[in-house]
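# Notes for the structure review
These are the residues of each chain, in order.
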Protein chains: 2
Amino acid sequence: METILYAIPAFGLAALLYTWIRSAWVTKQPAGNERMSTIARHIADGAMAFLKAEYKVLAYFVIIASLFLAYLGYTGERSHPLIVGAFIIGAFFSALAGFIGMRIATKANVRTAEAGRSSLAKALKVSFAGGSVMGMGVAGLAVLGLGSLFILFYYLFVVSQGADVNGVQMEIALEVLTGFSLGAESIALFARVGGGIYTKAADVGADLVGKVEAGIPEDDPRNPATIADNVGDNVGDVAGMGADLFGSYVATILATMVLGREVVVLDQFGGLSPIILPMLIAGLGIVFSFIGMLFVRVSEGGDVQAALNRGNWISVVLTAIASYFVIQWLLPESLNLRNFDFTPNGVFMAVLVGLIVGGLMSIITEYYTAMGKKPVNSIVQQSSTGHATNIIAGLAVGMHSTVLPIIVLAAGIVLSYAAAGLYGVAIAAAGMMATTAMQLAIDAFGPIADNAGGIAEMSELPKEVRERTDILDAVGNTTAATGKGFAIASAALTSLALFAAFVGIAGIRTIDLYKAPVLAGLFIGAMIPFIFSALAISAVGRAAMSMVQEVRRQFREIPGIMEGTGKPEYEKCVAISTQAAIREMMLPGAIALIVPLIVGFGFKGVFPDTSSPEILGGLLAGVTVSGVLMAMFQSNAGGAWDNAKKSFEKGVEINGVVEYKGSEPHKASVTGDTVGDPFKDTSGPSMNILIKLMSIVSLVIAPHIGFEQEPAIPEAPLELEEINLNEQKKTLPGTAKATVNGEVTVSLH
Amino acid sequence: METILYAIPAFGLAALLYTWIRSAWVTKQPAGNERMSTIARHIADGAMAFLKAEYKVLAYFVIIASLFLAYLGYTGERSHPLIVGAFIIGAFFSALAGFIGMRIATKANVRTAEAGRSSLAKALKVSFAGGSVMGMGVAGLAVLGLGSLFILFYYLFVVSQGADVNGVQMEIALEVLTGFSLGAESIALFARVGGGIYTKAADVGADLVGKVEAGIPEDDPRNPATIADNVGDNVGDVAGMGADLFGSYVATILATMVLGREVVVLDQFGGLSPIILPMLIAGLGIVFSFIGMLFVRVSEGGDVQAALNRGNWISVVLTAIASYFVIQWLLPESLNLRNFDFTPNGVFMAVLVGLIVGGLMSIITEYYTAMGKKPVNSIVQQSSTGHATNIIAGLAVGMHSTVLPIIVLAAGIVLSYAAAGLYGVAIAAAGMMATTAMQLAIDAFGPIADNAGGIAEMSELPKEVRERTDILDAVGNTTAATGKGFAIASAALTSLALFAAFVGIAGIRTIDLYKAPVLAGLFIGAMIPFIFSALAISAVGRAAMSMVQEVRRQFREIPGIMEGTGKPEYEKCVAISTQAAIREMMLPGAIALIVPLIVGFGFKGVFPDTSSPEILGGLLAGVTVSGVLMAMFQSNAGGAWDNAKKSFEKGVEINGVVEYKGSEPHKASVTGDTVGDPFKDTSGPSMNILIKLMSIVSLVIAPHIGFEQEPAIPEAPLELEEINLNEQKKTLPGTAKATVNGEVTVSLH
C-alpha cells in the first residue's frame with residue numbers, strides 16, 4: 001500500500017526533474033545577437049514586473065482568505081485549521097507554476113527566433129521544449145503537492161486515529177486537502193483575468209494606434225505598445241493558461257478523491273483504491289506525456305501540426321491503455337456510490353468517455369474557428385457589406401458553435417454516469433485531464449513562437465526567420481483554439497464532479513428545481529457569467545483606451561519616433577497594462593469568491609423547506625450551465641473573427657472579386673477581430689475558472705452550511721419483522737426521506 | 001356562480017365593442033392628400049400581403065399540429081380530442097388579433113400624419129387611439145376566448161358528469177383549454193420571429209444602401225426599400241408584439257387556472273374560486289385600462305411621456321385596488337396548494353409583487369437604454385476609438401444590464417412564493433399582465449407614430465408635421481424599450497407558472513438537478529436560446545444582403561431613380577422581406593415545438609431512476625433561465641446602441657470635442673445600431689415566446705408522458721395506531737416516496 005501512495009509524489013518529482021533538465025537545455029541555447037537580447041530582456045522584465053505586482057496583491061488576498069479559513073477551520077466540526085496550510089501551499093504552487101512557465105517562455109522566445117535562423121525543425125524543438133517545461137512543471141507541482149499533502153493528512157487524520165478509510169476522519173482529511181485546490185484555483189482566477197486584461201489591453205491598444213492610425217505593421221519597434229503586447233502573450237497565454245489548467249487538474253483529481261471516499265468498496269487496500277485512483281492516473285499521464293513529447297519533431301518543410309497531433313495521440317492512447325490495467329488491478333469487482341452499482345469496467349468506460357469528449361470538443365472547436373471552413377467563411381462573406389454585418393455574422397457563429405459541444409457534453413455526462421455513477425462523471429474528467437502536461441506543452445509552444453516572431457520582426461532578422469516562426473504561430477493559433485475547447489470541456493466536467501462532491505459533503509439529497517428559492521438561485525447563478533464577462537471586456541475597453549492615449553502622446557511628443565531615431569518609452573505602456581490588469585481583476589474575482597459565501601451562509605435557515613446548500617446547488621448549476629455556454633460563445637466567436645481577418649491576408653473571393661489586406665471588407669474584418677480579442681482571450685477563458693472556483697468555494701464551506709435541517713439519525717431503528725409489512729406497499733401518514741444507503745427515515749405525525 | 005362565470009366573456013365582449021367603436025372613429029379621421037393616401041396604401045398592401053403569405057403557411061402548420069393533437073387526444077387517458085378545437089380557436093384568435101392590430105395601425109399611421117398638420121395633441125389622440133384598438137382587441141379576444149371555452153368545457157366535462165371541481169375531470173377540462181393557449185402561442189412565435197426578420201431585413205437593407213452608400217436620408221421615397229421598411233414597423237412592432245402579449249396573457253391566466261384546480265379550498269363556489277380568479281382579474285384589468293386610456297391626452301407642447309405614464313399608473317393602481325376586493329370576496333380564509341398554506345392576503349401580496357416586478361423591470365430597462373444615462377454614454381464615449389470599441393461597449397452594457405433585472409426577478413419568485421406558494425408565483429404573473437390592454441396601447445402607438453413620420457417624410461409634408469411625429473416617435477422608442485422589459489419579466493413569470501402547472505399534470509414530485517439526465521437536460525435547454533438567436537440574427541443578415549443587392553440593382557438599372565423621375569419598384573423589396581421572413585421562421589419555430597416532444601417522448605422509460613418529465617423539467621429550466629438572460633442581453637444592448645447613435649443627432653461631447661452626425665464616432669455608432677437591430681427586434685424579443693411556447697408544449701404533452709414510473713396508489717393504507725409509532729422517528733429498510741398531499745408510500749424489501 002505504502003509503495004503506491006509514495007509512488008504518487010514520486011511521479012510529481014520526476015516531472016519536476018524533467019522540467020529542471022529541459023529548462024537548463026533551453027537556457028543553454030544561443031540567445032541571438034545584442035539587439036535580440038535587448039528586446040528579449042525588455043519582454044522578460046515586463047513580464048516579471050507584472051508577476052511581481054500581481055503576486056504582491058495576491059499575497060494580501062492570501063492573508064485575508066487564510067484568516068477566514070482559519071476561522072472556519074477552528075469553528076467547524078467537520079473541518080480543521082490545517083486547511084490554511086493546504087491553501088497557502090496551493091496558492092504558492094500555483095504562483096510557482098506561473099513563474100516557471102513565464103520564465104521559460106521569456107527565455108525560449110528569443111532562442112526560438114535564433115534557432116529559426118537555421119531551421120524550422122530547430123525552432124520547433126526549442127519552442128516545444130519551452131512548452132514542455134511549462135506542461136511538466138504544472139503537472140509535476142500538482143501531483144507532488146496533492147500526493148504529499150494527501151499522505152500527510154491521511155496519516156494525521158486517519159491512520160494515527162485508527163479511523164475508517166471511508167469514514168468522517170477521511171472526509172476531514174479530504175476537506176483539508178480541498179484547501180490546496182482552493183489556493184490553486186483562486187490564484188488561477190486572478191492570473192487568468194489579470195493576464196487576459198493585460199494582454200488584450202496591450203494588443204487592442206497597439207493595434208488601434210499602430211496598425212489603424214499610424215499605419216505601421218504589427219510588432220514594429222516604433223510602436224511604444226509593442227513590448228507590452230509581447231509581454232501580454234506571456235502573461236495571458238502562458239501564465240494565465242498554465243494557472244487555469246493547474247487549477248482544473250488539481251480540482252478534478254480532488255473532486256474524484258472526495259467522491260471516492262463515499263464509494264462502498266471491499267478492496268485489498270482497506271477502501272483506499274477509489275480515492276487514490278485519480279492520482280495514479282494523473283501520474284501515468286505524466287509518464288506517457290513524456291513519451292509523447294519525444295515524438296514531437298519535424299524535418300524542414302514538415303507538417304508541424306501533424307507532429308503535435310502524433311505526440312498528443314501517443315500520450316492519450318498509452319494513458320488510456322495503462323489506465324485500463326491500473327483500474328483492473330486496483331479496483332475490486334463490485335463498487336457502489338450513493339446506491340449506484342458499478343464495476344471496474346464501468347470506471348474504465350467513463351475514462352474513455354472523458355477522453356472522447358475532450359477529443360470531440362477540440363475537433364468541433366477547430367471546425368468553428370478554422371480558416372476555410374463554413375463558419376469562418378460566412379464571416380468573410382458578410383464582411384463585404386461592412387463592419388456591422390461582420391459583427392452580426394461573428395456573433396451568430398459564436399452562438400451557433402454552442403450546439404454540438406453542448407450535445408457532446410450532455411451525452412458525456414449521461415454516459416459516464418451510466419458507466420459508473422457520479423464517480424464516473426468525476427473520473428471522466430480526470431481521464432480527460434490526465435495528459436495535461438502534453439496538452440499544456442502544445443498550448444504553450446504557440447505564444448512562444450508568436451513572441452519569437454515578434455522578436456524577429458523587431459530585430460529585423462532575415463525574412464525566412466519570420467516565415468518559419470509564422471508557420472509555428474499559425475499552428476499555435478489552431479492549438480490555442482482547440483486547447484480552449486478542451487479547457488472548457490474539462491472545466492465543465494470538473495465542475496460537475498465538484499458539484500457531486502459538494503452534495504455529499506453538504507449532506508443534501510436533492511437539488512430540487514421545483515422549489516422557488518432553488519430556481520431563484522439558478523437565475524442568479526446563470527447571471528454571474530454575464531456580469532463577469534461584462535466587467536472583463538469593459539476592463540479591456542477602458543485599459544485599451546488608456547493605452548491608445550499614451551501611444552498617441554508618445555507619437556506626438558517624442559521627436560523622431562516615427563523615423564526610428566527617437567526611442568519609444570516602452571515601460572510606460574507596460575506599466576499601463578500592469579496597473580489596469582491588477583486594478584480590474586479585483587471586482588470579478590471578488591464576485592466569484594464572495595457570492596457562494598453570501599448564498600451559503602446568508603440563506604442558512606431562511607426557508608423552512610429549502611436548505612442553503614440546496615439554494616447554493618441551484619446557483620452552482622446556473623453558473624456552470626451559463627458559464628459553459630458563454631465560454632464557448634465568446635471563445636469561438638473570437639477565434640472565428642480572428643481567422644476571418646487572417647483569411648484576407650491570403651486573399652478571399654467575395655462575389656467573384658478577390659479581396660486582400662487593406663480592402664474595405666478586410667477593414668470590417670479587423671473590427672471583428674478587435675471585438676473578438678477580449679472575447680477569446682479575456683472573458684471567454686475566464687469562465688472556466690469562474691465556474692470551477694465557485695464550486696470549490698462551495699465545497700470548502702459545505703461542512704459549515706450543511707446538515708442544519710437534516711433529521712437526526714434515528715436512534716431506535718425498527719426492524720422489518722416487528723411491523724410485519726414485508727412484501728407489501730403501505731401508506732403511512734407523515735413525511736419520509738430516503739437516506740444515501742437506501743434506508744428510510746419516517747417521521748410520523 | 002353562473003353570474004360570475006358569464007361575466008368573464010362579457011368583459012371580453014365589452015373590450016371588443018370598444019375596439020369596434022374606436023376603430024370606426026379612427027377610420028373616420030381625414031386620411032390626408034392624394035400622395036399620402038397612395039403611400040399609405042402601399043404600406044397597407046405590403047403589410048396585408050405579408051399577413052396573407054404568413055397565414056397561408058401557418059394554416060398548414062395548424063393542420064399538421066391538429067392531427068398530432070387529435071392523436072394525443074384520442075389515445076390519452078387524461079385528455080380529449082376537443083383539444084383540437086381549442087387549439088384551432090386559439091390559433092385563429094391570435095391571427096385575428098394580429099390582423100386587427102395591423103389593420104388599424106395601417107389606417108392610423110396616415111391619419112396621425114394628417115392630424116400632425118394641426119397639432120401634437122391631435123396626432124397623439126389618433127395614434128394612441130390606434131394603439132388602444134390593438135390593446136383592447138388583444139385583451140378582449142383573450143378573455144372572450146378563454147372565458148367562453150372554459151364555461152363550455154366546465155359544463156361538458158365537470159358539471160354534466162356531476163364531477164368534483166378539483167378532480168380529474170376538471171383537470172381534463174383545463175388540459176383541453178391548454179390547446180387554446182398552444183394555438184395562441186405557436187402563432188405568436190411565428191408572428192414574432194417572422195415579423196422580426198421581416199422588419200430588420202428591410203431596415204438594415206434600407207439603411208446599408210440608402211443611408212450609407214447612396215447618402216440619402218431615412219424614409220426617402222427614392223429608396224426602393226423604404227416601403228418595405230415601413231411595412232416592417234407594422235409587421236414586427238405591431239403584429240409581432242401583439243401576438244407576443246396575446247400569448248403571454250392567455251398562458252399566464254391558463255397556468256394560474258391549472259394550479260388553481262389543485263388548490264385545496266372550501267369556498268362558496270364549490271372550489272371554483274382559485275380557478276376563475278385570474279380571469280376575473282384580467283376582466284378588471286380591461287375595465288381599468290379603459291379608464292386609464294381616458295387620461296392619455298396632452299396639450300400642444302405638453303409632455304407625451306407624462307401623459308402615457310399617468311394613464312398607465314391609473315389603470316395599474318385601480319386594478320390593484322379592485323383585485324384586493326375581488327380576492328377578499330372570492331377566496332375563503334384558508335387555502336393550500338401542495339402542502340403550502342396561504343391566505344387571500346397572501347394572494348393579494350403576490351399580485352402586488354407581480355406589479356412591482358413589472359414596474360421595476362421597466363424602470364431598469366429604461367435606465368440601461370435611455371439617452372443621457374451612464375450605460376448609453378459609455379457607448380458614445382467608446383465610439384471615439386472606432387467601430388470595434390463601440391461594439392465592445394454595447395456588448396458589455398447588454399451583459400451588465402442583466403444583473404438588476406435578474407435580482408428583481410429572483411426576489412419576485414421567492415417573495416410571491418412566500419406569499420402564496422406556487423399559486424402566488426402564477427398570480428403574480430397574472431397581476432402583472434392584467435393591464436395588458438393599456439400596456440399594448442402604449443407599445444403600439446410608437447410604431448404608428450414612426451410610420452406617420454415616414455409618411456410625412458415621403459409625402460414631403462411641412463417640417464412641423466415631422467417634428468410632431470418625431471416627438472411621438474422618441475417617446476415611442478422609450479416605451480418600446482420599457483415594454484420589452486415588461487414583456488420579458490412577464491414571460492419569465494409565466495414560464496415559471498407553466499413549469500409549476502407542468503409538474504402537477506405530469507405527476508412528478510421533484511426535478512432533481514443532482515440526477516445526471518436532468519443536468520444534461522438543463523445544458524441542452526440552456527443551449528436552445530443560443531441556437532435560436534443564432535438562426536434569427538443570421539436570417540436577418542442573409543435577408544438584408546438580398547435586400548441590399550436588390551436595391552443596388554434598382555439604383556443601377558432604373559433610369560432617373562435618384563433624380564426622383566424614375567419610380568422605384570417598392571413591391572420587389574416587399575416581396576424579398578416577405579419571402580425571407582416566411583422561409584427563415586420555419587427552423588427556429590420547429591426547434592421550439594419539436595425539442596420538448598423529442599425529450600418528453602424519446603426519454604420515456606430510458607433511465608431507471610429519472611422519468612422523462614423530470615428531464616423535460618430540467619430542459620425547461622435551462623431554456624427559461626438562459627432565454628431570459630439572452631433576451632435581456634440582446635434587447636438592452638440593441639436599445640443602448642440605438643440611443644447611442646441617436647445621441648449624435650443632438651451632438652455629444654467626447655474628450656472635450658462636440659461630435660455630430662457624420663463624424664467618425666457617429667459612423668462607429670451606426671455600426672453598433674445596425675448590429676443592435678436584429679438583437680433588439682428579432683432574436684431578443686423572440687426569446688419570450690420561445691420559453692413560453694416550450695413550456696406550453698410540455699404542458700400539453702404532460703398527461704401523455706407522466707406517471708409512467710410512479711408507484712401505484714397503495715390499496716391498504718396503514719393507520720398510525722396500528723403500528724404504534726406515534727411521536728417517534730424510526731428507520732425502516734426500504735425506499736419511500738412522499739406524495740403530494742403529505743402521505744408516505746413505503747415499499748419494504
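Keep in mind it's a predicted model, so treat the numbers as computed, not measured.

Cut-offs used in this document
- Residues numbered from 1 in each chain as written.
- Chains lettered and ligands numbered in written order.
- Predicted model: local features only at pLDDT ≥ 70, side-chain atom pairs only at ≥ 80, totals over all residues.
- Heavy atoms only, no water.
- Patch = residues over 30% accessible without salt bridge, like charges linked within 9 Å, V, L, I, M, F, W, Y side chains within 5 Å.
- Areas by Shrake-Rupley, 256 points an atom, 1.4 Å probe, with all protein chains shown as cover.
- Salt bridge = Lys/Arg side-chain N within 4 Å of Asp/Glu carboxyl O.
- Lys, Arg positive; Asp, Glu negative; His and termini not counted.
- Charge placed at Lys NZ, Arg CZ, Asp CG, Glu CD.
- Helix = DSSP H or I, 4+ residues; strand = E, 2+ residues; numbered from the N terminus.
- Buried < 20%, exposed > 50% of the residue type's maximum accessible area, 1.4 Å probe, protein only.
- Core = buried A, V, L, I, M, F, W, Y, C linked by side-chain atoms within 4.5 Å.
- Contact = heavy atoms within 4.5 Å.
- UniProt positions renumbered as here; feature names shortened; annotations may be inferred.
- Pairing = 2+ DSSP bridges.
- Axes fitted to C-alpha atoms, helices over the stretch in contact; angles between N-to-C directions.

### Structural notes on a positive patch on the surface
Residues and elements named next belong to chain A. There is a patch of like positive charges on the surface, built from K122, K125, R297 and R310. Position of K122 relative to the elements: it lies in helix α4 (residues 120-159). Residue classification places K122 among the partly exposed residues on the basis of a relative accessible area of 47%.

### With respect to the nonpolar core
Grouped together as the largest cluster of nonpolar side chains are 562 residues, with contacts concentrated most on F150 of chain A together with F150 of chain B. With near-sequence residues (within four places) excluded, F150 of chain B lies in contact with L5, M170, L174, L177, M257, L272, I275, I276 and M279 of chain B.

### A short note on the pattern of salt bridges
Residue and element names in this part refer to chain A. Tallying each qualifying case throughout the model produces 58 salt bridges over all chains. Residues K200 and D677 are paired through a salt bridge, measuring 3.5 Å at the closest nitrogen-oxygen approach. Of this pair, K200 sits in helix α5 (residues 168-214) while D677 sits in helix α19 (residues 664-705), and the two are 477 residues apart along the sequence. D677 shares its class with K200; the two are buried.

### Notes on the UniProt feature "site: Determinant of potassium dependence" (unreviewed entry) in chain A
According to UniProt, the positions carrying the feature "site: Determinant of potassium dependence" (unreviewed entry) are A480 of chain A. If you trace the backbone, A480 of chain A turns up in helix α14 (residues 463-506).

### A short note on the sheet that holds strand β3 (residues 340-342) of chain A
Adjacent strands of a sheet pair through backbone hydrogen bonds, lying either parallel or antiparallel. All names here are of chain A. The strand order across the open sheet formed by three strands is β1-β2-β3, and the pairing between neighbours is antiparallel. Whereas interior strands pair on both sides, the edge strands pair on one side only; in this sheet they are β1 (264-265) and β3. When strand β2 (residues 335-337) meets β3, the two strands line up antiparallel, connected through three bridges. What sits directly across from L335, in β3, is F342. In this fold helix α12 (residues 403-433) packs onto β2 and β3, with an angle of close to 110° to the strand it touches most, β3.

### Quick look at a nonpolar patch on the surface
A cluster of nonpolar side chains, contributed by W313, V317, I321, Y324 and F325 of chain A, occupies part of the molecular surface with about 520 Å² of accessible area. Examined against the element boundaries, V317 of chain A turns out to sit in helix α8 (residues 304-330).

### Digging into the sheet that holds strand β1 (residues 264-265) of chain B
All names here are of chain B. Taken together, the three strands give an open sheet; going across it, the order is β1-β2-β3, and neighbouring strands pair in antiparallel fashion. The two strands at the open ends of the sheet, each matched to only one other strand, are β1 and β3 (340-342). As defined by bridge partners, β1 adjoins strand β2 (residues 335-337) across two bridges and the pair is classed as antiparallel. Among the inter-strand pairings, V264 is bridged to a residue of β2, identified as N336.

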